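The residues making up each chain are set out below.
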Amino acid sequence: MITDSEEIAGIYREISKFPTPLKGCIGPHVTLKHGRKYCTIYSEWSQRDVERAELVKLCRGYIAFYDENSIVYTGPSGKCTELRGELLNRDSPSGTLKAVLREHTNNNGEEQQYLEIWSKALKEKSINLTALDKHGKVYEDDQFGCLVWSHSETLILYIAEKKRPKAESFFQTKLELSVEEEDDDSNKADKFQKPVKGDQFVYWEDWGETLVNKSTPVLCVLDIESGNISILDGVPEHISPGQAIWAPKDTSIIFVGWWHMPWRLGLKYCTNRKSALYCVDLMGSECLQISSGVNSVHSPRLSPDQRHVIYLEGGNLRTHHQCCSLSLYNLDKKVISTLVEIVNYPTLDGFTGIYSSELALNCWATDSQRVVIDTVQRSRKDLIVVNSATGIVTSLTTGSEVGSWTLLDIHQDLMVVSCSSPNCPPTLKVGFLPAAGQEQKITWVALDEAEQLAGIEWKILTFTPPSEQENPKFPGLQFEGILLIPGQKKDVKPPLVVSPHGGPNSIFVASWMLLPVALCRLGYTVLLVNYRGSSGFGQDSIRSLPGNIGSQDVKDVQYAVESVLKEVYVDSEKVLLIGGSHGGFIGCHLISQYPGFYKAFATKNPVINLASKLGTTDIPDHTIVQAGFDFAPDQLPTPSLMTALLNKSPITNVSRVRTPVLIMLGEKDKRVHPTQGLELYRALRFRSVPVRLLWYPDDNHSLSRVGTEADVFMNVALWFDFALDVTKAA
């Protein structure tokens, strides 16, 4: 065990330096004189800079030579360089141009956004979007954001915040203009727009966690030649548009519209929000709803032959995440069909369904029939290919030693993917998608080699709940855990760190994860538990949890821990616990339902009291549904409902807690308000249970800012060490 703070910090620096791939784009395929072909591959990565306390964006280039569909050589092309100020970028369909959305702070300290057009040789245009004042800030997030070239490469589509009306105080008597503003004829209409008195403090509802200040998105089209920006009218007022793509021939735009009536519920991590697929023409005169709007949709993707659009559609569950079906919209016949149904229970071949939160921007094969998707399958993330003509689903990665695969791009059937494992940092690989029916013969070639970390092993454990813990409505369900094992002297039993994930309908995937890996390097065995209700095990597993939180999930974690203690070489007297959000909810139940079993607990933004959470979270429906009740927007809390929520909350059993608790809270958390953690802190302080509270004023629910993340790790490691010292002394 490593206990010195300098050594702990050194290990964190070592592990945190490994970058994470953000995107990979395949350039045009070029044929040389002797028949051999090659293409370039552009990639972007995110790396933690602990000293600067920020995420650094890097770009790397590669080159791949191939004959037919066989890759003969890959290697780096140029040096790795840092990107600054880029929010979004996108190559044109031909690969000859590139659009870049950049943010720049001018000499007056004002942030301004520019849309730049680059050719291979130089910057062709730079358009100051802020100065044009047609809209608010451009959206760069994964939920709404897009930057899409038209097929003709003359127009660029993006999403921005709608321009808000001017407002002023009731007591302001004159609208003053600077000399520069008075001389700018192009802005006079806007400058002299009559402000609305008394509206400067009107509340603008936003889309919640990580989407603060994003309220009313609009579709924007830039004409590259003229520099004119059109804001598309015609989008229904009750929806917010996003994830837009160009329809064939650039005559209209297909997009996802999320309902924001009667109010906006948080969207981050919530793929269940009511939404539909729409199509609006460029004149804004007609907007048609394509899908039913009964459930949720996301990630529309146009086929290469421009005849079909695929998209993911949720089921009728109201959990924040669930299994999705894959739908196909025929643009010629205006007909929707389902390619892959929702899977309730794993099929005979082990397929558990599709759980992707986002499809790759390019996921179609050249034949316009097959689609490549990365999706969770139990505790792994695999690549599958779906044949739209036959409906056949084939895995491209079953049996691989790699735990996690993510599709980044596919172009002329050449794929670039990211892959990692709990003991191996992310790396990029390329491979050609074989002909239909032969997909399992794919050969992967690494663009760069990432060595496994010495001294760390991992495996996936499968658990079958004992008969008394089976869910009578959903019998026969299993769950899993990912175990990371440190390499050390065999005569010393390592402590065990147990971690249930948040959500609760998310999942731990056997991929590279900073905190578990770093803890393992410190000498801890780490168990990541995917209890029943996790994604990736079939829809029935997700259905089994609502109404049973605080019971089924807690018992699953405890059963997994006790099973590991019987089978794995760890110290049963040194079991520690860490969890955030719903993982913190489970953790708080564990330390009260099994007092003294866990020697220390570290929790990030934990859910403590469902009753008090109801009025402070951006997803009140989630609280109601997970507790086993139906949610209605006009529903008012009743005494019986509040009692039921309180009875499922860990705060009710806090008097039984003996475990030292470290609490870490983000002040800007809109998902689980920091008052939840404060309730726990005060209750433990009053009962003289060892407790420490860390408050991060600039962070939100994920506590993922670089400085925060590093501080969290150091405090968790030292808290665990402190608890083990106390245990040893006792």
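Since the structure is predicted, the reported quantities are computational estimates derived from the model, not experimental observations.

1. Things to note about the overall build of the protein chain
Consideration 1: Of the regular secondary structure elements, the protein chain holds 13 helices and 39 strands.
Consideration 2: Taken across its 730 residues, the protein chain has 56% of its residues classed as buried.
Consideration 3: Nonlocal contacts in the protein chain, meaning residues at least 24 apart in sequence, comprise 62% of its contacts between residues at least 6 apart.
Consideration 4: Accessible area for the protein chain stands at about 32000 Å²; split by element, carbon and sulfur atoms hold 50% of it.
Consideration 5: Taken together, the 72 basic and 85 acidic charged side chains of the protein chain have centroids lying 3 Å from each other.

2. So, the sheet that holds strand E23 (residues 324-330)
Consideration 1: The strand order E21-E22-E23-E24 describes an open sheet built from four strands, whose pairing is antiparallel. On the outer flanks of this sheet lie strand E21 (297-302) and strand E24 (335-340), each paired with one strand and no other. The mean angle between the axes of side-by-side strands here comes to 25 degrees, regardless of whether they run parallel or antiparallel.

3. Examining the sheet that holds strand E7 (residues 86-91)
Consideration 1: Strand order across the open sheet formed by four strands is E7-E8-E9-E10, with antiparallel pairing between neighbours. With partners counted over all chains shown, the strands left at the sheet margins are E7 and strand E10 (123-128), one partner each. Adjacent strand axes in the sheet meet at a mean angle of 20 degrees, parallel and antiparallel pairs treated alike.
Consideration 2: Of the pairings in the sheet, the one linking strand E8 (residues 98-105) to strand E9 (residues 111-118) comprises eight bridges and is antiparallel in character. Pairing of Lys98 across the sheet is with Trp118, part of E9.

4. Digging into the packing of aromatic side chains
The relation between two aromatic rings is expressed through the spacing of the ring centres and the mutual angle of the planes.
Consideration 1: By the definition in use, this model includes 16 aromatic pairs.
Consideration 2: With a centroid separation of 5.3 Å and 40 degrees between ring planes, the pair formed by Trp405 and Trp444 is classed as tilted. Of this pair, Trp405 sits in strand E28 (residues 404-411) while Trp444 sits in the loop between strand E30 (424-432) and strand E31 (445-446), placing them 39 residues apart in sequence. Each of the two residues, Trp405 as well as Trp444, counts as buried.
Consideration 3: These aromatic residues form a ring-pair network of at least three members: Tyr139, Phe144, Trp207 and Trp258.
Consideration 4: Over the face of the ring belonging to Phe18 we find Lys17, whose NZ or CZ atom lies 6.0 Å from the ring centre.
Consideration 5: For Lys98, the ring lying beneath its charged end belongs to Tyr42, and the centroid distance is 4.0 Å.

5. A word on the pairing of strand E25 (residues 370-377)
Consideration 1: A large share of E25 lies buried, amounting to eight of its eight residues.
Consideration 2: Burial along E25 is two-sided: the residues Arg370, Val372, Asp374 and Val376 and Val371, Ile373, Thr375 and Gln377 are all buried.
Consideration 3: Sheet topology note: the E25/strand E26 (residues 380-387) ladder contains eight bridges and is antiparallel. Of the residues in E26, the one forming a bridge with Ile373 is Ile384.
Consideration 4: Hairpin geometry of E25 and E26 is characterised by an intervening segment of two residues between the two adjacent antiparallel strands and by a positive phi of about 55 degrees at Arg378.

6. Brief notes about the pairing of strand E15 (residues 217-223)
Consideration 1: For E15, the tally of buried residues reaches six of seven residues, placing the bulk of the element in the interior.
Consideration 2: Bridge count for strand E12 (residues 155-161) against E15 is seven bridges, and the pairing is antiparallel. Bridging from a neighbouring strand, Leu155 pairs with Asp223 of E15.
Consideration 3: Bridging between E15 and strand E16 (residues 229-231) involves three bridges; their strand directions are antiparallel. Bridge pairing in E16 links Cys220 to Ile231.
Consideration 4: Where E15 folds back on E16, the antiparallel hairpin that results is connected by five residues, among which Gly227 adopts a positive phi of roughly 80 degrees.

7. Notes on the packing of helix H1 (residues 5-16) against helix H5 (residues 514-521)
Consideration 1: At a minimum axis separation of 10 Å, H1 and H5 run at an interaxial angle of 135 degrees. Considering their axes alone, H1 and H5 lie oblique with respect to each other. Of the two possible hands of crossing, H1 and H5 adopt the one that is right-handed. Listed contacts from H5 to Ile11, Tyr12, Glu14, Ile15 and Ser16 of H1 are Leu514, Val517, Ala518 and Arg521.
Consideration 2: Taken together, the residues that form the contact of H1 with H5 break down as six nonpolar, one polar and two charged.

8. Here we look at the pattern of salt bridges
Consideration 1: For the structure shown, the criterion picks out 30 salt bridges.
Consideration 2: One salt bridge in this structure joins Asp540 and Arg543, with 3.0 Å as the shortest N-O distance. Of this pair, Asp540 and Arg543 both sit in helix H6 (residues 539-543), three residues apart, which is roughly one turn of the helix.
Consideration 3: Exposure remark for Asp540: the relative accessible area of 19% places this residue in the buried category.
Consideration 4: Between Asp618 and Arg671 there is a salt bridge, with its nearest N and O atoms 2.7 Å apart. Placement of the pair is Asp618 in the loop between helix H9 (610-613) and helix H10 (620-626) and Arg671 in the loop between strand E38 (661-666) and helix H12 (675-686), with a sequence separation of 53 residues.
Consideration 5: Here Asp618 falls in the buried class, since its relative accessible area comes to 11%.
Consideration 6: Residue classification places Arg671 among the buried positions, given a relative accessible area of 6%.
Consideration 7: Ionic contacts of the salt-bridge type, sharing partners, join the residues Asp49, Arg52, Glu54, Glu82 and Arg84 into one network.

9. Considerations on the environment of Ala121
Consideration 1: Along the chain, Ala121 falls in the loop between E9 and E10.
Consideration 2: Given the relative accessible area of 71%, Ala121 is considered exposed.
Consideration 3: Taking the C-alpha atoms as reference points, Ala121 and Thr96, separated by 25 residues in sequence, lie 9.9 Å from one another.

10. Regarding the side chain of Glu116
Consideration 1: Within the secondary structure, Glu116 sits in strand E9.
Consideration 2: Among the polar contacts listed, one links the side chain of Glu116 to the side chain of Trp118, at a separation of 3.0 Å.
Consideration 3: At a separation of 3.4 Å, a polar atom in the side chain of Glu116 contacts the side chain of Lys123.

11. Section: the side chain of Ser119
Consideration 1: Examined against the element boundaries, Ser119 turns out to sit in the loop between E9 and E10.
Consideration 2: Here Glu124 takes part through its side chain, which lies 2.9 Å from a polar atom of the side chain of Ser119.
Consideration 3: Other than its neighbours up to four places away in sequence, Ser119 contacts Thr96, Leu97 and Glu124.

12. Description of the confidence of the model for the protein chain
Detailed reading of the predicted coordinates is not advisable wherever pLDDT falls low.
Consideration 1: Overall, the prediction assigns the protein chain a mean pLDDT of 94, with 97% of residues at 70 or greater.
Consideration 2: Every residue in residues 177-184 scores below 50 in pLDDT, and together they form six contacts with partners more than four places removed in sequence or on other chains.

13. So, the packing of H1 against helix H13 (residues 706-729)
Consideration 1: At a minimum axis separation of 10 Å, H1 and H13 run at an interaxial angle of 135 degrees. Compared by their axis directions, H1 and H13 come out oblique. Between H1 and H13 lies a crossing of right-handed hand. Of the residues in H13, those touching H1 at Ser5, Ile8, Ala9 and Tyr12 are Glu709, Ala710, Phe713, Met714, Ala717 and Leu718.
Consideration 2: Its residues placed into classes, the contact of H1 with H13 shows eight nonpolar, one polar and one charged.

14. Details of the nonpolar core
As a rule of thumb, soluble globular proteins bury nonpolar side chains together.
Consideration 1: The biggest cluster of nonpolar side chains holds 50 residues, and the ones touching the most others in it are Leu496, Val498, Leu527 and Val561.
Consideration 2: If one sorts the elements of this core by residue count, helix H7 (residues 552-567) sits on top with six residues.
Consideration 3: Apart from residues no more than four positions distant in its own chain, Leu496 is found in contact with Thr525, Val526, Leu527, Val561, Val564, Leu565, Val570, Lys574, Val575 and Leu576.
Consideration 4: Counting residues in hydrophobic clusters, the runner-up holds 43 residues, among them Leu662, Leu703, Val716 and Phe720.

Rules used in this analysis
- Residues numbered from 1 in each chain as written.
- Predicted model: local features only at pLDDT ≥ 70, side-chain atom pairs only at ≥ 80, totals over all residues.
- Heavy atoms only, no water.
- Helix = DSSP H or I, 4+ residues; strand = E, 2+ residues; numbered from the N terminus.
- Buried < 20%, exposed > 50% of the residue type's maximum accessible area, 1.4 Å probe, protein only.
- Contact = heavy atoms within 4.5 Å.
- Areas by Shrake-Rupley, 256 points an atom, 1.4 Å probe, with all protein chains shown as cover.
- Lys, Arg positive; Asp, Glu negative; His and termini not counted.
- Charge placed at Lys NZ, Arg CZ, Asp CG, Glu CD.
- Pairing = 2+ DSSP bridges.
- Axes fitted to C-alpha atoms, helices over the stretch in contact; angles between N-to-C directions.
- Phe/Tyr/Trp six-rings, centres within 6.5 Å; stacked < 30°, edge-to-face > 60°.
- Lys NZ or Arg CZ within 6 Å of the ring centre and 35° of its normal.
- Parallel < 35°, antiparallel > 145°, perpendicular 65-115°, else oblique.
- Left-handed = near helix turned anticlockwise from the far one by under 90°.
- Nonpolar A, V, L, I, M, F, W, Y, C, P; charged D, E, K, R; others polar.
- Salt bridge = Lys/Arg side-chain N within 4 Å of Asp/Glu carboxyl O.
- Polar contact = N/O pair within 3.5 Å; in protein donor to acceptor, adjacent residues only side chain to side chain.
- pLDDT = per-residue confidence, 0-100.
- Core = buried A, V, L, I, M, F, W, Y, C linked by side-chain atoms within 4.5 Å.

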